[in-house]
Amino acid sequence: MLKGIDPLLNGDLLKILDDMGHGDQLLVVDRNYPAHAADKPLVWLGEVSMERAASAILSVLPLDTFLDKPLARMEVDDDPIIVTPIQEAVLELAQRDHASALEYEIVPRLDFYDRAKKVFAVVQTLEDQPYACFILTKGVIFPT
């Protein structure tokens, strides 16, 4: 156990998050996503919601401030207007510590699968709501 670190962030996940560099991307997905298909390092968080997983990850992972949209979500039913409650919750979590206004990049489902092949690593939860799939682009930490 580490002081000040969310206990959901196990050693494997912390190592991946630490090893990621500026611009590297993390895929965080629900239970339905074919996570092994990305052929990237995979951390399985087990029976945890997407909101809980995103909260833990975003507590240590800065999103890229050089990009307009460092947070991407999978498009729902080929309609970019539809937003699920989980997608709303993850955006709200990400906005808490982001330096500027933050909106999603909306990625059509099949394009999302193609982009997932280029990520640094994958985190899979047992979230049961569909379309709870996100790509987070790591930013930098500036001196205070």
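Residues numbered from 1 in each chain as written. Predicted model: local features only at pLDDT ≥ 70, side-chain atom pairs only at ≥ 80, totals over all residues. Heavy atoms only, no water.

Examining the overall build of the chain
Put simply, the rule is: We count a stretch as a helix when DSSP gives it H or I for four or more residues in a row; a strand needs E for two or more, and each element gets its number in order from the N terminus. Values of the radius of gyration come from C-alpha atoms, whereas the globule rule sets the reference at 2.2 Å times the count of residues to the power 0.38. The rule is simple: take the accessible area with a 1.4 Å probe, protein chains only, and divide by the maximum for that residue type; under 20% is buried, over 50% is exposed, in between is partly exposed.
Of the regular secondary structure elements, the chain holds four helices and six strands. Ordering the α and β elements of the chain from the N terminus gives α-β-β-α-β-α-β-α-β-β. Taken over C-alpha atoms, the radius of gyration comes to 14 Å for the chain, in line with the 15 Å a tight globule of 144 residues would show. Dimensions along the principal axes, computed over C-alpha positions, put the chain at roughly 40 × 30 × 25 Å. Relative to its 144 residues, the chain shows a buried fraction of 46%.

A closer look at the layout of surface pockets
As a reminder, the rule being used: Here a cavity means grid points, on a 1 Å grid over the protein atoms only, where a 1.4 Å probe fits yet cannot get out; a pocket means an open set of points with protein on both sides within 12 Å along at least five of seven lines; lining residues are those with an atom within 4 Å of a point. Grid points are joined across faces, edges and corners, and a volume is the space filled by probe spheres set on the points. Only Asp, Glu, Lys and Arg are considered charged in this grouping, and only Ala, Val, Leu, Ile, Met, Phe, Trp, Tyr, Cys and Pro are considered nonpolar; every other residue, Gly among them, is considered polar.
Size it by volume and the largest pocket reaches roughly 200 Å³. Sort the elements by how many residues they give to the lining of the largest pocket and helix α3 (residues 85-97) lands first, with three residues. Split by residue class, the lining of the largest pocket holds nine nonpolar, three polar and one charged. Roughly 150 Å³ of volume is contained in the second largest pocket. In terms of lining, the second largest pocket is formed by L14, K15, L17, D18, V60, L61, P62, K138, G139, V140 and I141. Counted by class, the lining of the second largest pocket contains seven nonpolar, one polar and three charged residues.

The quantities given are spatial measurements derived from coordinates; they are silent on function.
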